[in-house]
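# Secondary and tertiary structure notes
Spelled out from the first residue to the last, the chains are:
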Amino acid sequence: MINYNQFTLDNGLRVLVHEDKSTPLVAMNILYDVGSRDEDPEYTGLAHLFEHLMFGGTANIPEFDRPLQMVGGENNAFTNNDITNYYLTIPSANIETGFWLESDRMQELNFAQKSLDTQKNVVIQEFNQRYLNQPYGDALLNLRPLAYKVHPYRWPTIGMDISHIEKADIKLIKSFFYSHYAPNNAIMVLSGNINFNNALALSQKWFGPVERRTISPRNLPAEPPQTEERILTIEKDVPANAIYKVWHTGPRNGPDHFTLDLITDLLAGGESGRLYTKLVRERKMFSEINAYITSDIDPGLIIVQGKLMKGIKSETAEKAINEVIEELESNNDLNEEMEKVKNKFESSSVFSNTSILNKAVSLAYYELMGNAELVNKEVDLYRKVSQEMITTAIRKYFIPSNCSTLHYKSTRKEK
Amino acid sequence: MNNLKREQPPVYPVEKVTIPDTKSTVLSNGVQVYAIEAGTEDIMRVEFTFRAGQVKESMPLLASTTNMMLTEGSENYSSEELNRLLDYYGIFHNTSSEKDRAGLVMFFLSKHIDKVLELSREILFHPVFPEEELSSLLKKRLRWFLVNREKVQNLSMDQFFESIFGKNHPYGHKIKGSDFEKLNTAQISDFHSKYYNPGNMAIIISGKLHEKSIDLLDKYFGGLATGEVAYYDDNRKVNSQKRNRIHIEKAGTVQTSIRIGSTTINKRHSDYPGLKVVDSILGGYFSSRLMKNIREEKGYTYGISSSVSSLDLTGYKVISTEVGKENLQNTLDEIYREIRLLQSVPLMKEELSIVRNYMSGEMVRMFDGPFALADSFKSVWEFGLDSSYYLRLAEKINTIDPDEIIQLARTYYNIDDLYQITAGTK
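As the structure is a prediction and not an experimental result, all values here were calculated from the model.

### Brief notes about the overall build of chain B
Counting secondary structure elements, chain B contains 14 helices and 11 strands. For chain B, the spread of C-alpha atoms along the three principal axes comes to 65 × 55 × 45 Å. Partitioning the contacts of chain B with sequence separation of at least 6, the portion at a separation of at least 24 is 82%. Summing over all exposed atoms, chain B offers an accessible surface of approximately 17,800 Å²; the carbon and sulfur share of this is 47%.

Put into structure tokens, the structure is as follows:
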């Protein structure tokens with residue numbers, strides 16, 4: 001159970017405070033309601049590049065990290081399709097330094113050419129390191145445009161092409177900042193060793209003066225329903241054949257989210273999952289296999305991905321995956337297996353909530369989806385999933401016309 | 001900005017950490033237990049640790065495979081049943097095998113402690129090592145290995161260990177595809193019976209403990225025969241190889257991986273806390289010199305870091321990064337330039353104060369919560385040290401001066417002694 005109180009400043013900044021006096025630290029998490037889905041298709045990767053620039057300093061504070069480290073703090077950030085999220089942890093006596101730093105960069109950045117040039121290079125190296133310089137690293141670069149034809153989820157957070165990063169200029173960066181970074185487009189969570197009254201006073205003092213801004217309206221094109229199966233085969237010098245299968249889901253807030261989450265846990269939650277047991281352990285077709293949902297705010301994807309053992313044909317392996325899913329649909333006695341994944345989910349939730357930072361990130365995310373209180377209901381919602389809901393969801397989502405498949409076929413001759 | 005003077009708030013010194021006591025006790029058969037009471041949730045972690053790591057193996061893969069085979073079937077449970085039960089009780093388990101130690105860690109809701117200990121005993125002391133499961137595991141591991149070998153960072157790291165520890169030392173074992181064909185169940189059983197001996201085990205339990213926790217440990221582990229603890233220690237000396245510049249050519253890569261470092265002192269040496277500070281300045285945190293220069297100034301890389309690690313027989317330090325191949329030479333030059341600067345120009349007051357405060361903050365994090373406490377305990381205990389090591393580290397962080405930093409950098413970062421391994425397309 002995560003207890004919290006909340007308030008909204010006049011400028012629209014929403015603040016949630018969770019007190020946990022068992023730690024000497026405070027976590028401060030600021031979520032901006034902007035992700036790669038909000039990018040111009042001509043300039044993809046901008047939200048993530050921008051995350052790097054947020055550490056480039058302001059007129060008041062030339063370097064973000066130094067003063068934070070000077071008070072024993074630590075920070076990082078991540079960007080995904082939906083949000084850009086910044087967090088720091090700091091010994092509680094020095095939490096005001098966090099307020100000073102975060103409110104300052106919410107107010108205005110330096111927009112220095114030098115910082116932009118360097119961070120473009122850093123992001124290009126990140127692109128190379130994560131997506132190009134390892135086998136199967138480009139899977140999502142290929143899968144997204146296969147599954148999405150219209151919605152901006154068709155490109156990955158890093159961007160659909162490195163040239164988009166290369167051509168970003170200061171003018172574009174400035175306009176991105178003023179149309180997305182603002183108190184009325186952000187949610188702040190303080191979690192840990194801090195009193196509510198202190199959090200309120202410090203929020204008013206430091207964030208109160210940051211002016212409200214006009215946020216670009218979000219008019220994202222809805223992805224039209226997929227009507228036929230899509231298949232892409234990539235022949236490449238990779239160590240083994242691999243399969244990625246994706247199916248469209250509903251939105252994160254939709255009625256089937258927890259059902260699909262539970263289905264992927266039945267399939268691949270740990271070594272006792274069905275895909276692992278049947279296809280890795282028993283039939284020895286895959287060296288590894290996994291299944292999960294992307295949990296995006298707009299309709300996302302179910303992903304099943306596996307690497308094949310030597311000598312196994314892609315067609316055989318793919319058929320075997322489909323059989324495991326069909327078996328799950330026709331099984332009438334899932335009670336014990338459901339109880340197993342529900343217990344694991346509950347345990348996982350308890351462990352996750354031992355970290356003040358995890359609690360802060362979860363609270364911010366649930367608040368963004370419309371109701372922070374749901375953070376305390378997710379175990380119940382997951383537990384409510386029934387056998388009937390599973391069967392119905394499999395019939396609704398796991399159908400060939402809703403599926404895109406990516407095959408990697410290895411061109412390598414193995415000795 | 002409206003009316004607010006955006007002056008920096010006052011900076012308070014990071015408070016000294018208080019390290020809670022670890023209670024040491026023994027089970028009926030003499031097995032050593034360390035208990036750390038902490039946390040607010042009803043959860044626990046129990047770790048069973050043995051000197052059964054890579055250092056004890058006579059051939060590559062033996063230690064790690066024995067460890068991974070522990071959950072592949074026991075006298076009372078098949079591998080499938082074991083995994084199903086672990087999941088059913090919401091238990092997170094890690095079997096881990098490192099250079100010196102290996103064992104099992106279980107994270108669980110306190111209410112399931114009985115079941116956790118029963119399953120742990122099965123896993124650790126009653127494995128059966130079925131032929132068929134070993135053969136499947138090795139085939140799977142070979143596939144993973146082939147994927148990993150495509151990544152330049154693995155190629156450079158494996159070569160680095162071979163170069164600094166020597167081909168013939170188990171710390172330096174570099175795995176080859178053919179190694180996956182050499183292991184059999186007799187070797188696994190033999191390794192298990194030698195090194196997973198209850199007499200060679202320590203248990204570290206942490207979390208919201210209750211009165212019965214130790215009694216339950218005694219119920220499941222106190223009756224095991226501890227027998228003779230055979231050490232089989234030949235402690236082969238670490239012998240770094242002669243050649244200290246190696247490039248591994250791999251066609252078609254867009255980045256080249258760099259590892260620069262050597263063996264060094266470990267935690268038992270009195271200079272170690274000081275070396276930790278020097279390492280942090282060089283590449284141990286976001287505002288380190290290598291990060292500032294090579295990422296934030298030049299944009300050559302997504303990340304660069306340095307670290308110092310302790311092993312039982314030695315220690316090692318390593319600088320790691322992946323850079324665009326066009327920037328390889330520039331990066332190497334800059335790394336050596338940074339080391340020389342550290343050896344010749346005294347640190348400015350401000351930088352010293354940043355690294356002090358950053359490291360003091362890190363120490364707060366190292367003792368925040370039951371699981372962090374257990375990790376911090378283990379990482380001194382395994383060297384025969386106690387929490388006074390952390391007091392010495394805290395003291396060194398606060399008292400080290402620019403002269404001592406120069407001296408340490410000269411002693412421990414002698415450029416002629418460093419190994420330089422690169423992997424990628426030239």
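### Let's talk about helix α6 (residues 185-195) of chain B
Residues and elements named next belong to chain B. Among the residues of α6, those classed as buried are T185, I188, F191, H192 and Y195. Summarising the axial view, the buried residues of α6 lie within an arc of 125°, below the 170-degree limit, and thus occupy one face. For α6, the elements touching its buried residues are β3 (43-50), α1 (62-69), α3 (113-125) and α4 (131-148). Backbone nitrogen of A186 and a side-chain oxygen of the N-cap are separated by 3.1 Å at the start of α6; the cap is N184.

### Considerations on the sheet that holds strand β8 (residues 255-264) of chain B
Residue and element names in this part refer to chain B. One open sheet accounts for five strands, arranged β7-β11-β8-β10-β9; its pairing is mixed. Single-partner strands in this sheet number two, and they are β7 (245-249) and β9 (301-310). Averaged over all pairs of adjacent strands, the angle between their axes in this sheet comes to 15°, without regard to strand direction. Sheet analysis places β7 next to strand β11 (residues 419-424), joined by five bridges and oriented parallel. Residue pairing in the sheet places E249 in a bridge with G424 of β11.

### A look at the packing of helix α4 (residues 113-132) of chain A against helix α9 (residues 289-297) of chain B
At their nearest, the axes of α4(A) and α9(B) sit 8 Å apart, and the two run at 90° to each other. Taken together, the axes of α4(A) and α9(B) lie roughly perpendicular to each other. For the pair α4(A) and α9(B), contact is made by A:K114, A:T118, A:Q119 and A:V122 and by B:R295, B:E296 and B:E297, respectively. The residue inventory of the contact of α4(A) with α9(B), partitioned by class, reads one nonpolar, two polar and four charged.

### Observations regarding the pattern of salt bridges
Taken as a whole and assessed by the stated rule, the structure comprises 57 salt bridges over all chains. Across the salt bridge formed by A:D256 and A:K396, the nearest N and O atoms sit 3.3 Å from each other. With A:D256 in the loop between β8 (242-248) and α9 (257-268) and A:K396 in helix α15 (residues 387-397), this pair connects stretches of sequence that are 140 residues apart. Of the charged contacts, one joins A:R281 and B:E72 as a salt bridge, the two residues approaching to 2.9 Å between their closest N and O atoms.

### Looking at the layout of surface pockets
In this structure, the second largest pocket occupies an estimated 1,200 Å³ of space. What lines the second largest pocket is a set of 49 residues, and nearest its centre among them are A:D65, B:F286, B:M291, B:R295 and B:E296. In terms of residue count, α4(A) provides more of the lining of the second largest pocket than any other element does, eight residues in total.

### Observations concerning the packing of aromatic side chains
Applying the stated criterion across every chain, the model contains 42 aromatic pairs over all chains. With a centroid separation of 5.9 Å and 75° between ring planes, the pair formed by A:F351 and B:F92 is classed as edge-to-face. Of this pair, A:F351 sits in helix α12 (residues 335-352) while B:F92 sits in strand β4 (residues 92-97), each in a different chain. The buried category is assigned to A:F351, whose relative accessible area is 13%. Plain terms: the ring middles of B:F161 and B:Y316 are 5.3 Å apart, the flat faces sit at 85° to each other, and that makes the pair edge-to-face. Within this pair, whereas B:F161 is found in helix α5 (residues 152-165), its partner B:Y316 is found in strand β10 (residues 315-324), the two being separated by 155 residues in sequence. When sorted by exposure, B:F161 lands in the same class as B:Y316, which is buried.

### Considerations on the interface of chain A and chain B
Quite often, the size of an interface is put as the accessible area lost when its parts meet. Contact with chain A, which involves 76 residues of that partner, is made by 70 residues of chain B. In total, chain A and chain B occlude about 6,500 Å² of area from one another, counting both sides; carbon and sulfur atoms represent 55% of this. Contact with chain B buries surface across chain A, with A:M70, A:N133 and A:F351 losing the most and accounting together for 11% of the total. Taken together, the connections running from chain A to chain B amount to 10 salt bridges. The shortest N-O distance in the salt bridge between A:E63 and B:K292 comes to 2.7 Å. Put simply, chain A and chain B have 28 residue pairs in polar contact (both at pLDDT 80 or more) between them. Per element, the largest residue contribution to the side of chain A that touches chain B is 11 residues, and it comes from α4(A).

### Quick look at the sheet that holds strand β1 (residues 23-26) of chain B
All names here are of chain B. As summarised here, the arrangement of the six strands in space is β1-β2-β6-β3-β5-β4, forming an open sheet in which the pairing is mixed. A strand with exactly one partner marks an edge of an open sheet, and here the two such strands are β1 and β4. Going from strand to strand, the sheet's axes swing by 15° on average, the running direction of each strand aside. One ladder, built from eight bridges, connects β3 with strand β5 (residues 102-109); its direction is antiparallel. The partner of E47 across the bridge, within β5, is V105. Sitting on the sheet, helix α7 (residues 212-221) touches β1, β2 (32-37), β3 and β6 (201-207), and the angle it makes with β6 is about 150°.

### What to know about α5(B)
Residue and element names in this part refer to chain B. The terminal C-alpha atoms of α5 lie 20 Å apart, and with 14 residues this matches the ideal 20 Å at 1.5 Å per residue to within 8%. Most of α5 sits out of view: 11 of its 14 residues are buried. Along α5, the residues that are buried comprise V152, L155, S156, M157, Q159, F160, F161, E162, S163, I164 and F165. The elements touched by buried residues of α5 are β7, β8, β10 and β11. Looking one or two places after α5, you find G166, whose phi comes out positive at around 95°.

### Things to note about the nonpolar core
Considering soluble globular proteins, one finds that nonpolar side chains tend to be buried as a cluster. Grouped together as the largest cluster of nonpolar side chains are 79 residues, with contacts concentrated most on A:I263, A:L267, A:L279, A:F286, A:I390, A:F398 and A:Y408. Each residue touching A:F398, except ones within four places of it in the same chain, is listed here: A:W247, A:L260, A:I263, A:I302, A:I325 and A:A393. Counting 56 residues, the second largest nonpolar core, distinct from the first, contains B:I36, B:Y272, B:L332 and B:L347.

### Notes on the environment of B:Y302
On the secondary structure map, B:Y302 appears in strand β9. Not counting chain neighbours up to four residues away, the residues in contact with B:Y302 comprise A:H52, A:V122, A:Q125, A:E126, A:Q129, A:R130 and B:R295. Looking at B:Y302, its side chain comes within polar contact range of the side chain of A:E126, at 3.2 Å.

### Focus on empty space enclosed by the protein
All names here are of chain A. Inspection of every chain in the model, using the stated rule, returns seven cavities of 30 Å³ or more. Here the largest cavity is characterised by a volume of approximately 90 Å³. What lines the largest cavity is F50, L53, G56, G57, L109, N110, F111, A112, S115, L116, I170 and I173. Elements with a contribution of two residues or more to the lining of the largest cavity: α1 (46-53), α4 and α7 (170-180). Residues that form the lining of the largest cavity fall into these classes: eight nonpolar, four polar and no charged.

### Re the pairing of β5(B)
All names here are of chain B. Counting buried positions over the eight residues of β5 gives eight, a clear majority of the element. The side-chain alternation of β5 yields two buried faces, one formed by A102, L104, M106 and F108 and the other by G103, V105, F107 and L109. Alignment of β4 against β5, held across six bridges, turns out to be antiparallel. Residue pairing for β5: F92 is matched across the bridge by F107.

### Structural notes on the pairing of β1(B)
All names here are of chain B. Where β1 meets β2, four bridges bridge the pair, whose relative direction is antiparallel. Residue T25 lies in a different strand from β2, and its bridge partner there is V33. Between β1 and β2, which follow one another and run antiparallel, lie five residues, and G30 among them has a positive phi close to 95°.

### Points about the side chain of B:K99
Of note, B:K99 is situated in the loop between β4 and β5. If we skip the residues at most four places from it in the chain, B:K99 touches B:G53, B:Q54, B:V55, B:F161, B:F165, B:Y171 and B:L311.

Scoring rules and cut-offs
- Residues numbered from 1 in each chain as written.
- Chains lettered and ligands numbered in written order.
- Predicted model: local features only at pLDDT ≥ 70, side-chain atom pairs only at ≥ 80, totals over all residues.
- Heavy atoms only, no water.
- Helix = DSSP H or I, 4+ residues; strand = E, 2+ residues; numbered from the N terminus.
- Contact = heavy atoms within 4.5 Å.
- Areas by Shrake-Rupley, 256 points an atom, 1.4 Å probe, with all protein chains shown as cover.
- Buried < 20%, exposed > 50% of the residue type's maximum accessible area, 1.4 Å probe, protein only.
- Arc of directions from axis to C-beta.
- Polar contact = N/O pair within 3.5 Å; in protein donor to acceptor, adjacent residues only side chain to side chain.
- Pairing = 2+ DSSP bridges.
- Axes fitted to C-alpha atoms, helices over the stretch in contact; angles between N-to-C directions.
- Parallel < 35°, antiparallel > 145°, perpendicular 65-115°, else oblique.
- Nonpolar A, V, L, I, M, F, W, Y, C, P; charged D, E, K, R; others polar.
- Salt bridge = Lys/Arg side-chain N within 4 Å of Asp/Glu carboxyl O.
- 1 Å grid on protein atoms, 1.4 Å probe; cavity = no way out; pocket = protein on both sides within 12 Å on 5 of 7 lines; lining within 4 Å.
- Points joined across faces, edges and corners; volume = space filled by probe spheres on them.
- Phe/Tyr/Trp six-rings, centres within 6.5 Å; stacked < 30°, edge-to-face > 60°.
- Buried area = accessible area lost by both parts, 1.4 Å probe.
- Expected span 1.5 Å × (residues − 1).
- Core = buried A, V, L, I, M, F, W, Y, C linked by side-chain atoms within 4.5 Å.

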